[in-house]
Amino acid sequence: MDHLSLEQVPAIEWVKGALRFIDQRLLPGRLQVIETADWRVVRRSILTLAIRGAPMIGIAAAYAVALAAAKSGSAGAGVGMSKVLRSLRSARPTAVNLSWALGRMEAIIGQTASPWWKSALLAEAKAIHREDSERCDRIGALGAGLLSNVNSILTICNTGRLATGGIGTALGIVHTLHRRGWKGKVYVLETRPLLQGARLTMWELAQMGVDATLLVDAAAASLMASGAVGCCLIGADRIASNGDTANKIGSLMLSRLAGSMRVPLYVAAPESTIDRSLANGQGIPIEHRAASEVTRLVKGASAFIPKVYNPAFDIVPGGSIAVIITEKEIYYPPYQV
Ligand code: MRU
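It should be emphasised that the depicted structure is a prediction, and the values quoted were computed from it without experimental measurement.

K.L.:
What should I look at first to understand the site of the ligand in this one?
P.N.:
In the vicinity of the ligand lie 18 residues, with Arg52, Ala54, Arg92, Asn247 and Lys248 positioned nearest. Note that an oxygen atom of the ligand is positioned 3.0 Å from one of the backbone N or O atoms of Gly53. A distance of 2.9 Å separates an oxygen atom of the ligand from a polar backbone atom of Ala54. Coverage of the ligand by the protein amounts to 99% of the 420 Å² it exposes when considered alone. Its residues placed into classes, the shell around the ligand shows seven nonpolar, seven polar and four charged.

K.L.:
Whenever I open this one, the packing of helix α4 (residues 96-109) against helix α5 (residues 117-147) confuses me. Can you help?
P.N.:
Helix-helix packing: each pair is described by the crossing angle between the helix axes and the interaxial distance. As a packed pair, α4 and α5 sit with axes 9 Å apart at the nearest point and diverge in direction by 150°. Between α4 and α5, the angle is such that the two are roughly antiparallel. Of the two elements, α4 crosses α5, and the hand of that crossing is right-handed. Listed contacts from α5 to Trp100, Ala101, Arg104, Met105, Ile108 and Ile109 of α4 are Trp117, Ala120, Leu121, Glu124, Ala125, Ala127, Ile128, Glu131 and Arg135.

K.L.:
Got a minute to help me understand the packing of aromatic side chains in this structure?
P.N.:
Summed over the entire model, instances satisfying the criterion amount to one aromatic pair. Judged by centre distance (5.5 Å) and plane angle (15°), the ring pair of Trp14 and Tyr63 falls under stacked. With a gap of 49 residues between them, Trp14 in strand β1 (residues 12-15) and Tyr63 in helix α2 (residues 54-71) connect regions that are remote in the sequence. Stacked on the ring of Phe313, the Lys or Arg Lys248 has its end atom at 4.4 Å from the ring centre.

K.L.:
Can you help me understand helix α9 (residues 251-260) in this one?
P.N.:
Within an α-helix, residues lying three or four positions from one another point in the same direction, as the helix has 3.6 residues per turn. Buried within α9 are the following residues: Ser251, Leu254, Ser255, Leu257 and Ala258. Within α9, the buried residues cover an arc of 165° as seen down the axis, which keeps them to one side. With respect to the buried face of α9, the exposed residues turned more than 90 degrees away are Arg256, Gly259 and Ser260. In the stretch just after α9, Arg262 is the one whose phi turns positive, near 55°.

K.L.:
Any chance you could explain the environment of Leu47 here in plain terms?
P.N.:
Mapped onto the fold, Leu47 is located in helix α1 (residues 39-47). The class of Leu47 is partly exposed, set by a relative accessible area of 32%. For the pair Leu47 and Ile57, spaced ten residues apart in the sequence, the C-alpha separation amounts to 9.7 Å. If we skip the residues at most four places from it in the chain, Leu47 touches Ala91 and Arg289.

K.L.:
Looking at this model, I keep getting lost on the environment of Ala69. Mind explaining?
P.N.:
By the element assignment, Ala69 lies in helix α2. According to the relative accessible area criterion, Ala69 is buried, its value standing at 0%. Separated by 67 residues in the primary sequence, Ala69 and Cys136 have C-alpha atoms spaced 28 Å apart.

K.L.:
Just to check I follow, could you spell out empty space enclosed by the protein for this structure?
P.N.:
A probe matching the size of a water molecule, rolled over the atoms, marks out where space remains unfilled. In this structure the tally under the stated criterion is three cavities of 30 Å³ or more. Its volume calculated, the largest cavity comes out at about 190 Å³. For the largest cavity, the lining is made up of 21 residues, of which Arg52, Gly53, Ala54, Asn158 and Asp237 are closest to its centre. Elements with a minimum of two residues in the lining of the largest cavity: α2 and β9 (245-248). Of the residues belonging to the lining of the largest cavity, the class tally is eight nonpolar, nine polar and four charged. The space that makes up the second largest cavity amounts to roughly 60 Å³. Taken together, 13 residues make up the lining of the second largest cavity; nearest its centre are Pro193, Leu194, Lys248, Glu293 and Ala312. When its residues are assigned to classes, the lining of the second largest cavity shows five nonpolar, three polar and five charged.

Reading the values: the criteria
- Each residue is numbered by its place in its chain's sequence as written, counting from 1.
- Thresholds applied to this predicted model are a pLDDT of at least 70 for local features of residues and 80 or more for the giving and counting of side-chain atom pairs; totals over whole chains, interfaces and linings are not thresholded and use all residues.
- Side-chain metrics in this entry use all non-hydrogen atoms of the structure; hydrogen atoms and water are not considered.
- Residue proximity to a molecule or strand is established when one non-hydrogen atom of the residue lies within 4 Å of it.
- What qualifies as a polar contact is a pair of N or O atoms within 3.5 Å, subject to a donor-acceptor requirement within protein and to the restriction that residues adjacent in sequence count only when both atoms come from side chains.
- Here the accessible surface of atoms and residues is derived via Shrake-Rupley with a 1.4 Å probe, and residues count as covered only by protein chains that are part of the display.
- Gly counts as polar in this scheme, as do all residues outside two lists: the nonpolar Ala, Val, Leu, Ile, Met, Phe, Trp, Tyr, Cys and Pro, and the charged Asp, Glu, Lys and Arg.
- Each axis is a line fitted through C-alpha atoms, taken for helices only over the stretch in contact, and angles between the N-to-C directions span 0 to 180 degrees.
- Numbering of helices and strands runs from the N terminus, with a helix taken as a DSSP run of H or I at least four residues long and a strand as a DSSP run of E at least two residues long.
- Any angle that is under 35 degrees is reported as roughly parallel, and any over 145 degrees as roughly antiparallel; angles of 65 to 115 degrees are reported as roughly perpendicular and all others as oblique.
- Should the near helix be turned anticlockwise from the far one by less than a right angle, the crossing is termed left-handed; should it be turned clockwise, right-handed.
- We call two residues in contact whenever any of their non-hydrogen atoms come within 4.5 Å of each other.
- Note on aromatic pairs: the rings of Phe, Tyr and Trp (six-membered ring only in Trp) are paired at centre separations within 6.5 Å, and the planes decide the class, stacked below 30 degrees, edge-to-face beyond 60, tilted for the rest.
- Each ring is checked for a lysine NZ or an arginine CZ that lies within 6 Å of its centre and within 35 degrees of its normal; such an atom marks a charge sitting over the ring.
- Each residue's exposure class comes from its accessible area (1.4 Å probe, protein chains only) as a fraction of the maximum for that residue type: buried when under 20%, exposed when over 50%, partly exposed otherwise.
- What the arc measures is the spread of directions leading from the helix axis to the C-beta atoms.
- Lining residues are defined by having an atom within 4 Å of a point belonging to a cavity or pocket. Those points lie on a 1 Å grid over the protein atoms alone, cavities being sets where a 1.4 Å probe fits but cannot get out and pockets being open sets with protein on both sides within 12 Å along at least five of seven lines.
- Grid points are joined across faces, edges and corners, and a volume is the space filled by probe spheres set on the points.

The structure is reproduced here in structure tokens:
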């Protein structure tokens, strides 16, 4: 399967009562698909980042609910399903798309008295998936209109087909630009410690045929100082009403650099990433991950590294974001999204 592309092997799909998805931990070395009818396997896959990216974890969790429902009886199903929802919701705390998608599924679970509730759940999960793909197309079109004159884009993490139900958000804009004949370059931060940029974004860009250059995260400053970066374009895991945006660790650093070197920073995300219950980013929960993700490249680390600081995300202040592009509109500061 290793020579296949994301055009041929969808990152996630529902096939005859089971969920199939690419195990992103193994990419790009191995393109391996996990197929399961067990919602717990989906949850574990979200926890371990076999499935990742804000919109993608929402889609996967919605299908996981449909899988759990398919196995449940009718009596007391509502109670069992509440446990499933709670468990899925707690898998990753930062991306609001997860609880947003589960909220939509919960509304259907409220109708367990109906004989159709199980098929209604699957239909809702499929709708969440399909709508995300449509949102990506719209973000791509709006963003490509805005960025057509930019010659080079710096991005972080992975915001493409692997992270969404469609062509992607920030990377969906690159995809659309490329389809329209754009000849620019994309610079990709490797995205320590799990290398989503190096492993996943570089892989996706190679498949698209986009001119892409990989750099270590710490090289962002010197690259920007050289004048090579036309704009920074990033995704989001949660956006508060004032535009404060949680995204992959390193995004705050990027925004500070961009601000000091007068490079515009753009955020692209679906409306499902906006958390309007939060006035600002202070209330966004930041996921901290295992020390081993950072230390595993260091031989004998456990003998002399007692503590590791490993937040998966940080928060870019809305004030340092030039525009926020969603499927609905392009928002400009000061934000009241
Ligand atoms: O920890 P990850 O790989 O799930 O982090 C993903 C990101 O930070 C993405 O930028 C964000 O989810 C947007 S994906 C369209």
